[in-house]
Amino acid sequence: MTIRLLLADDHPVVRAGLRAVLDTEPDFTVVAEAATAERAVELAPEADVVLMDLRFGPGMDGAEATAAITAGAGAPRVLVLTTYDTDADILAAVEAGASGYLLKDAPPEELAAAVRTAAAGQSALAPAVAHRLMDRMRTPAQALTKRELEVVQLVGEGLSNQQISKRLFLSQATVKSHLVHVFAKLGVDSRTAAVAAARERRLIRR
């Protein structure tokens, strides 16, 4: 049985490299490529498995595209393939419906195995990603929620509480409440320290 693949990444060199690796597998065929998340959503019905990056240019990101692709009945599986292993990215992808999460430095045999696992309807997680998820499960009281991660990520991008409230459709009081929880869980007392601690622990992107 041939597994039809869609490569979704905004870097042509990355797509070419992936195609070169995947074309060596006798049961894989790359049926399409997408340079934007929006295009990936359009082309997804042609594939059994979508290899999805998380970062694209302006517009939809990989997690949003994953949610759109997996929303329908009989949807293809989405295997996230990215350079980011932060809690914020992992949670966003998993909650969006991704069947797997691999890092771009994965060896070819691990990538091929993950594609077959995803195509079979099972979960395929890079060891480092699985380890981070297990850590979150072991210490749930200390783990930042998805919303708290979103808030501290936006703080790290330089947004004010007012700007964050508009971006996330929350009241400013709710944003402040999330930050209070973030400060307590990270053991810090300022926005700058919260961002530094979150980046150091690979909770958010640098």
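Above this text sits the structure in question.
As the structure is a computational prediction, the values presented were derived from the model and not from experiment.

J.: Would you explain the side chain of Arg205 in this entry?
T.: Turning to its location among the elements, Arg205 is positioned in the segment after helix H10 (191-200). With relative accessibility at 15%, the residue Arg205 sits in the buried group. Apart from residues lying up to four places away in sequence, Arg205 is in contact with Leu54, Arg55, Tyr84, Thr86, Asp89, Gln153 and Arg199.

J.: Please explain helix H8 (residues 161-168) as it appears in this structure.
T.: Three or four residues apart is the spacing at which side chains of an α-helix point the same way, because the helix has 3.6 residues per turn. For H8, every residue scored as buried is listed here: Asn161, Ile164, Ser165 and Leu168. Each buried residue of H8 sits inside an arc of 100 degrees when the element is viewed along its axis, so together they form one side. Elements that come into contact with the buried residues of H8 comprise helix H7 (146-156), helix H9 (172-186) and H10. Note on H8: the residue one or two positions beyond its end, Phe169, has a positive phi of about 55 degrees.

J.: Could you clarify how one ought to interpret the pairing of strand E3 (residues 49-52) in this entry?
T.: Across a regular strand the side chains alternate sides, sitting on one face of the sheet and then on the other. Of the two faces of E3, the one lined by Val49 and Leu51 and the one lined by Val50 and Met52 are each fully buried. Where strand E1 (residues 3-8) meets E3, four bridges bridge the pair, whose relative direction is parallel. Paired with Ala8 across the two strands is Met52, which belongs to E3. As judged from the four bridges shared by E3 and strand E4 (residues 77-82), these two strands associate in the parallel manner. Note on E4: the bridge partner recorded for Met52 is Val80. In this fold, the crossover linking E3 to E4 by way of helix H3 (residues 62-70) has right-handed handedness.

J.: Got a minute to help me understand the packing of H9 against H10 in this structure?
T.: Geometry of a packed helix pair, given as the angle between the helix axes and the separation of the axes. One can describe the packing of H9 onto H10 by two numbers: an axis separation of 10 Å at closest approach and a directional angle of 60 degrees. The orientation of H9 relative to H10 falls into the category oblique. The chirality of how H9 crosses H10 is left-handed. Along its contact with H9, which presents Leu179, Val182, Phe183 and Leu186, the element H10 presents Arg191, Ala194, Ala197 and Ala198. Looking at the contact of H9 with H10 residue by residue, the class counts come to seven nonpolar, no polar and one charged.

J.: Help me understand the nonpolar core in this model?
T.: The nonpolar side chains of soluble globular proteins are, as a tendency, buried together. In this structure, Leu5, Leu22, Leu51, Leu79, Leu111, Val115 and Leu186 are the most contacted members of the largest nonpolar core, which totals 50 residues. No other element matches the five residues that H7 contributes to this core. Beyond its immediate chain neighbours, meaning those up to four positions away, Leu5 contacts Leu22, Phe28, Thr29, Val30, Val31, Ala32, Ala47, Val49, Leu51 and Val115. Among the nonpolar cores identified, the runner-up in size contains 15 residues, and Ala32, Ala40, Ala44 and Ile69 belong to it.

J.: When you look at the sheet that holds strand E5 (residues 100-103) in this model, what are you seeing that I'm missing?
T.: Strands in a sheet are paired, the pairing made by backbone hydrogen bonds, and the direction either parallel or antiparallel. With parallel pairing, six strands are arranged side by side in an open sheet as E2-E1-E3-E4-E5-E6. One side of each edge strand has no neighbouring strand; the edge strands of this open sheet are strand E2 (28-34) and strand E6 (124-125). The sheet strands contacting H3 are E3 and E4, and the helix crosses E3 at an angle near 170 degrees.

J.: Would you mind going over the packing of H3 against helix H4 (residues 87-96) with me for this structure?
T.: Running from N to C, H3 and H4 point in directions that differ by 15 degrees, and their axes come no closer than 8 Å. Classified by the angle their axes make, H3 and H4 are roughly parallel. Of the two elements, H3 crosses H4, and the hand of that crossing is right-handed. Facing Ala63, Thr66, Ala67 and Thr70 of H3, the residues of H4 in contact are Ala92, Ala93 and Ala96. A class-by-class count of the residues in the contact of H3 with H4 yields five nonpolar, two polar and no charged.

Reading the values: the criteria
Residues numbered from 1 in each chain as written. Predicted model: local features only at pLDDT ≥ 70, side-chain atom pairs only at ≥ 80, totals over all residues. Heavy atoms only, no water. Helix = DSSP H or I, 4+ residues; strand = E, 2+ residues; numbered from the N terminus. Buried < 20%, exposed > 50% of the residue type's maximum accessible area, 1.4 Å probe, protein only. Contact = heavy atoms within 4.5 Å. Arc of directions from axis to C-beta. Pairing = 2+ DSSP bridges. Right-handed = clockwise from strand over helix to strand, strands pointing away. Axes fitted to C-alpha atoms, helices over the stretch in contact; angles between N-to-C directions. Parallel < 35°, antiparallel > 145°, perpendicular 65-115°, else oblique. Left-handed = near helix turned anticlockwise from the far one by under 90°. Nonpolar A, V, L, I, M, F, W, Y, C, P; charged D, E, K, R; others polar. Core = buried A, V, L, I, M, F, W, Y, C linked by side-chain atoms within 4.5 Å.

The quantities given are spatial measurements derived from coordinates; they are silent on function.
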